Amino acid sequence: MITCTNCETPQFLQITQSRVYFEDGEVINEISETYECTLCGSTGQYVYDDDHDEETVTGDVELTKERPKYA
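Predicted model only: the values in this text are computed from it and were never measured.

Undergrad: It is not clear to me how the overall build of the chain should be interpreted in this structure. Could you clarify?
TA: Counting secondary structure elements, the chain contains 0 helices and 6 strands. For the chain, the α and β elements follow one another from N to C terminus as β-β-β-β-β-β. Its C-alpha atoms put the chain at 40 × 25 × 15 Å along the principal axes. Taken over 71 residues, the chain has a buried fraction of 27%. Here the chain displays about 5,000 Å² of accessible surface, and carbon together with sulfur accounts for 44% of that area. If the 4 positive side-chain charges of the chain are averaged to one point and the 16 negative ones to another, these points end up 11 Å apart.

Now the structure itself:
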C-alpha cells in the first residue's frame, strides 16, 4: 500500500500521472505512478520495474505492507 508520509494515510492520495511501459508490446516491463496528497499537498512517485522485480518510491510517499494507521 502506498501512503503519504506526512499524513500517514493513503486516503487522500491521488494519482496525477500514470505510465505503463511495454517493451515487446505484450508484457508490462515498468509501471510508473506520480501521487499527490490532496490533504497536505505532498507529492511522490512509485515505480515498479519488472526486469529487476523491484519497487521504488521517492518523495513524500512510502510503500508499506501493513494496514494504514488512519483509514
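Undergrad: Mind showing me how you'd approach a negative patch on the surface here?
TA: A contiguous patch of negative charge on the surface is contributed by Glu23, Asp24, Glu26, Asp50, Asp51, Asp53 and Glu54. Relative to the helices and strands, Glu26 resides in the loop between strand E2 (13–22) and strand E3 (28–37). On the accessibility criterion, Glu26 (70% relative accessible area) is exposed.

Undergrad: Help me out: how do you make sense of the environment of Phe22 in this one?
TA: Among the secondary structure elements, Phe22 is positioned in strand E2. Relative accessible area serves as the criterion here: at 40%, Phe22 is assigned to the partly exposed category. With residues up to four places along the chain from it excluded, the contact list for Phe22 reads Val27, Ile28 and Asn29.

Undergrad: Looking at this structure, I do not really get the side chain of Glu33. What am I missing?
TA: On the secondary structure map, Glu33 appears in strand E3. The buried charged residue Glu33 lacks any salt bridge, with Arg19 as its nearest oppositely charged partner at 12 Å. A polar side-chain atom of Glu33 sits 2.5 Å from a polar atom in the side chain of Tyr35.

The rules we used
- Residues numbered from 1 in each chain as written.
- Predicted model: local features only at pLDDT ≥ 70, side-chain atom pairs only at ≥ 80, totals over all residues.
- Heavy atoms only, no water.
- Helix = DSSP H or I, 4+ residues; strand = E, 2+ residues; numbered from the N terminus.
- Buried < 20%, exposed > 50% of the residue type's maximum accessible area, 1.4 Å probe, protein only.
- Areas by Shrake-Rupley, 256 points an atom, 1.4 Å probe, with all protein chains shown as cover.
- Lys, Arg positive; Asp, Glu negative; His and termini not counted.
- Charge placed at Lys NZ, Arg CZ, Asp CG, Glu CD.
- Patch = residues over 30% accessible without salt bridge, like charges linked within 9 Å, V, L, I, M, F, W, Y side chains within 5 Å.
- Salt bridge = Lys/Arg side-chain N within 4 Å of Asp/Glu carboxyl O.
- Contact = heavy atoms within 4.5 Å.
- Polar contact = N/O pair within 3.5 Å; in protein donor to acceptor, adjacent residues only side chain to side chain.

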